[in-house]
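Examination of the molecular architecture
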Amino acid sequence: MIKTSRVRRHNLTALDAACVGLLLAYFLHFALLALGAGFREDEMMNLYRYWFAGASKSIEANLCFWSTFYRPAGTLYYLPLYHFFSLNPLPYRIVQVSILAATIPIFFYLARLLSGSRAVAFLITLAMCYHGQMASLVFVGSFIYDVLCGFFYFVALTYYVYTRETGLALRPAQLAIFLALYVCALNSKEMAVSLPLIVFIYEALKCPRLRDRSDFVRQNWRAAIPAFVASLVTSIYIYGKLSGPHSLANLEAYHPVYSWHRFTLTNAHFMNDLFYDSASRIGRWVLFGWPVVFFYAFWRRDRLLQLMAFWVVITPLPLAFIPSRGGPMLYIVLFGWATIFARLVSDLIALAGKVTALSGPRTATLSTFATGAVAVAFAVFTNWQNQRFDTTRALLNSEEKSLHVIQAFRSLALHPEPGSRILLRPEKRFYQNGYYPLFVASLVWNDHSLRIYVEGEQRLDEREIAEISYVISFTEFQAKLVRAPKPDHA
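This section reports on the structure supplied with the text. This is a predicted model, so every value here is computed, not measured. (Residues numbered from 1 in each chain as written. Predicted model: local features only at pLDDT ≥ 70, side-chain atom pairs only at ≥ 80, totals over all residues. Heavy atoms only, no water.)

**Remarks on the overall build of the protein chain**
The helix and strand inventory of the protein chain stands at 22 helices and four strands. Among the 490 residues that make up the protein chain, the fraction classed as buried is 52%. A total accessible area of about 23,800 Å² is found for the protein chain, and carbon and sulfur atoms account for 63% of it. (Helix = DSSP H or I, 4+ residues; strand = E, 2+ residues; numbered from the N terminus. Buried < 20%, exposed > 50% of the residue type's maximum accessible area, 1.4 Å probe, protein only. Areas by Shrake-Rupley, 256 points an atom, 1.4 Å probe, with all protein chains shown as cover.)

As structure tokens, this is what we get:
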């Protein structure tokens with residue numbers, strides 16, 4: 001067992017519970033509108049992918065996390081909901097919002113463990129609750145991968161930090177739990193690969209300082225075992241994901257370009273998104289500020305700031321070399337900047353207390369009121385930015401199309417015979433993915449034996465054309481049965 005030089009134990013109090021309750025109410029102020037959202041085209045594709053693969057293959061892919069099966073944790077979300085609720089979007093949105101809400105107390109407790117301050121934890125979690133440029137996390141179902149990845153990532157890190165802050169090393173069973181949570185994060189989305197490095201840096205900063213390097217290694221090597229094992233898991237994951245013929249890296253949208261120009265360009269874009277100012281060059285100025293963050297963190301000898309200085313550089317790396325990403329994909333990155341913001345506010349409040357020569361209860365009162373004032377100002381600013389960009393309305397409107405198409409196919413009241421061949425004939429193309437009608441029709445009829453074709457997307461020979469039983473023409477709002485099998489009067 002490894003004893004550390006500093007042990008923190010945090011038992012959540014009624015005041016902590018009240019803080020979490022207030023944060024949840026703040027989150028729901030923005031999120032409840034999402035319950036009226038529908039489906040986007042890419043969510044129909046995601047659901048069809050897992051439906052087509054089937055439950056057994058999807059579950060196997062979650063165990064074989066290194067396979068090129070597309071983000072297998074999605075099946076744990078999509079298939080049960082589809083089984084019980086079909087294509088009713090409300091349960092999907094309730095679950096997505098619930099996962100985000102469940103992550104809020106995780107943020108608070110993790111920040112409490114790392115900072116030892118309720119005020120800092122409150123400000124961090126407030127920033128994590130809702131960000132206008134990441135509204136898709138709440139309102140767009142296809143970003144469930146980011147939601148799941150963030151949830152498992154922070155649960156795994158919180159579990160690890162909680163165990164280590166007691167002053168003991170992880171036992172084998174605890175290590176297994178940590179790795180299982182990490183694999184769930186990897187199965188949700190690839191950006192989770194940064195976790196082992198974050199854990200390693202956390203341990204390196206936590207280790208007691210020793211003059212002799214050999215003594216340092218001898219007394220602390222066990223602390224590196226979880227990070228080493230998690231890194232081994234990551235190596236297997238990356239090799240499997242990159243080596244298969246269906247690897248995402250083979251697609252242009254995910255093909256990495258390892259260059260300093262791409263790194264600085266994408267990180268500047270990330271900063272612009274985080275600061276609600278994508279049209280300016282603020283991102284590049286923040287990049288120049290990275291060394292300042294490191295200098296201040298190590299000059300201040302603040303382990304939390306030191307960890308977050310590394311965090312804001314490391315966690316964007318999985319996204320930093322592929323074509324431009326942003327918005328909700330910065331969910332994990334945001335935690336680092338939110339923590340730096342909260343700690344700086346805390347330091348400024350403490351400095352104000354010293355300048356005004358306050359002491360005792362007056363200092364605590366100043367800290368409470370100042371933190372509250374900053375929190376209110378931040379919440380008002382976030383609400384203003386959300387209304388300024390009007391992202392909520394735009395996101396909700398973009399999800400109505402799939403509901404119209406689903407209703408159009410259902411209005412036929414058609415129950416095709418098993419094994420039937422069906423040709424879908426769009427009167428006018430109103431969708432981006434050419435196979436989108438196939439996804440919707442397959443999910444509406446829920447029959448794996450059907451053979452469904454989309455006119456203009458597949459080439460059919462004369463035999464296949466002759467075997468078609470149903471021809472359906474459709475628009476976004478209406479579907480018509482052009483041809484159907486003649487009834488058998490025998």
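**A look at a nonpolar patch on the surface**
Together, Trp66, Leu232 and Ile236 make up an exposed nonpolar region whose accessible area comes to about 290 Å². Checked against the element boundaries, Ile236 lands in helix α12 (residues 225-243). (Patch = residues over 30% accessible without salt bridge, like charges linked within 9 Å, V, L, I, M, F, W, Y side chains within 5 Å. Salt bridge = Lys/Arg side-chain N within 4 Å of Asp/Glu carboxyl O.)

**Notes on the pairing of strand β1 (residues 421-426)**
On a regular strand, one side chain projects to one face of the sheet and the next to the other, so that they alternate. Two elements, β1 and strand β2 (residues 451-454), share four bridges in a ladder whose sense is parallel. Bridge pairing in β2 places Leu424 opposite Val454. Between the parallel pair β1 and β2, the chain is carried across by helix α21 (residues 436-445), and the sense of this crossover is right-handed. (Pairing = 2+ DSSP bridges. Right-handed = clockwise from strand over helix to strand, strands pointing away.)

**Quick word on the sheet that holds strand β4 (residues 479-483)**
Each strand in a sheet pairs with its neighbour through backbone hydrogen bonds, running either in the same direction (parallel) or in the opposite one (antiparallel). Read from one edge to the other, the open sheet built from four strands follows the order β2-β1-β3-β4, with strand pairing classed as mixed. Every interior strand has two partners, whereas the edge strands, β2 and β4, have only one. Taking the axes of each pair of neighbouring strands and ignoring which way they run, one obtains an average angle of 25° across the sheet. Seen against the sheet, α21 touches β1, β2 and β3 (470-474) and runs at an angle of roughly 150° to β2. (Axes fitted to C-alpha atoms, helices over the stretch in contact; angles between N-to-C directions. Contact = heavy atoms within 4.5 Å.)

**Quick word on the packing of aromatic side chains**
According to the stated counting rule, one finds 34 aromatic pairs in the structure shown. Ring centres 5.2 Å apart and planes at 55° place the aromatic pair Phe154 and Phe335 in the tilted group. Of this pair, Phe154 sits in helix α8 (residues 144-165) while Phe335 sits in helix α17 (residues 331-355); the two residues are 181 residues apart in sequence, bridging distant segments of the chain. The same class applies to Phe154 as to Phe335, namely buried. Here the aromatic cluster, defined as three or more aromatic residues joined through ring pairs, consists of Phe39, Tyr50, Phe69, Tyr77, Tyr78 and Tyr92. Sitting above the plane of the Tyr70 ring, Arg49 keeps its charged end 4.1 Å from the centroid. The ring of Tyr436 carries the charged tip of Lys401 above its face, separated from the ring centre by 5.6 Å. (Phe/Tyr/Trp six-rings, centres within 6.5 Å; stacked < 30°, edge-to-face > 60°. Lys NZ or Arg CZ within 6 Å of the ring centre and 35° of its normal.)

**Let's talk about the packing of helix α9 (residues 172-188) against α12**
α12 packs onto α9 with a crossing angle of 30° between their chain directions and a minimal axis gap of 11 Å. Crossing geometry of α9 relative to α12 is assigned as right-handed. Between α9 and α12, the contacting residues are Leu175, Phe178, Leu179, Tyr182, Val183 and Leu186 on the first element and Pro226, Val229, Ala230, Val233, Thr234 and Tyr237 on the second. (Left-handed = near helix turned anticlockwise from the far one by under 90°.)

**Looking at the environment of His261**
Looking at the secondary structure, you find His261 in helix α13 (residues 260-274). In sequence terms His261 and Phe321 are 60 residues apart; their C-alpha atoms lie 9.3 Å from each other.

**Describing the packing of helix α20 (residues 400-410) against α21**
Running from N to C, α20 and α21 cross one another at 55°; their axes reach a closest spacing of 10 Å. With respect to their mutual orientation, α20 and α21 come out oblique. With respect to the hand of their crossing, α20 and α21 are arranged in right-handed fashion. In this structure, α20 uses Lys401, Ser402, Val405, Ile406, Phe409 and Arg410 to contact α21, whose residues at the interface are Tyr436, Val440, Ala441, Val444 and Trp445. Across the contact of α20 with α21, the residue classes tally to eight nonpolar, one polar and two charged. (Parallel < 35°, antiparallel > 145°, perpendicular 65-115°, else oblique. Nonpolar A, V, L, I, M, F, W, Y, C, P; charged D, E, K, R; others polar.)

**Remarks on the side chain of Asp302**
Secondary-structure assignment places Asp302 in the loop between α14 (282-300) and α15 (303-314). A polar atom in the side chain of Asp302 sits 2.9 Å from the backbone nitrogen of Leu304. Here Arg343 takes part through its side chain, which lies 2.8 Å from a polar atom of the side chain of Asp302. Setting aside anything within four residues of it in sequence, one finds Asp302 in contact with Ala297 and Arg343. (Polar contact = N/O pair within 3.5 Å; in protein donor to acceptor, adjacent residues only side chain to side chain.)

**Points about unusual backbone geometry**
Here the phi dihedral of Ser86 falls at roughly 55°; this positive angle occurs in a residue that is not glycine. Structurally, the position occupied by Ser86 is in the loop between α4 (73-85) and α5 (89-115). Positive phi values are uncommon outside glycine, yet Asn446 reaches one of about 50°. In this fold, Asn446 is placed in the loop between α21 and β2. Among the residues examined, Asn446 registers a relative accessible area of 44% and is labelled partly exposed.

**A few points about α13**
In this model α13 runs 21 Å from its N-terminal to its C-terminal C-alpha over 15 residues, within 8% of the 21 Å that 1.5 Å per residue would give. The element α13 is extensively covered by neighbouring structure, given that 11 of its 15 residues are classed as buried. Among the residues making up α13, those that are buried are Arg262, Phe263, Thr264, Thr266, Asn267, Ala268, Phe270, Met271, Asn272, Asp273 and Leu274. At the C-terminal side of α13, Tyr276 shows a positive phi close to 55°. (Expected span 1.5 Å × (residues − 1).)

**Focus on the nonpolar core**
For soluble globular proteins, nonpolar side chains are generally found buried alongside one another. Counting residues in each nonpolar core, the largest one holds 148 residues, and the members touching the most others are Phe178, Phe409 and Trp445. Apart from residues no more than four positions distant in its own chain, Trp445 is found in contact with Phe409, Leu414, Pro416, Ile422, Leu450, Ile452 and Ile472. (Core = buried A, V, L, I, M, F, W, Y, C linked by side-chain atoms within 4.5 Å.)

**Focus: the pattern of salt bridges**
According to the stated counting rule, one finds 13 salt bridges in the structure shown. Taking the shortest distance from any N to any O, the salt bridge between Arg112 and Asp16 comes out at 3.3 Å. In this pair, Arg112 is assigned in helix α5 and Asp16 in helix α1 (residues 14-31), connecting sequence segments 96 residues apart. Accessibility expressed as a relative area gives 1% for Asp16, which makes it buried. Between Glu457 and Arg429 there is a salt bridge whose closest N-O contact spans 3.2 Å. Separated by 28 residues along the polypeptide, Glu457 in the loop between β2 and α22 (462-466) and Arg429 in the loop between β1 and α21 bring together distant segments of the chain.

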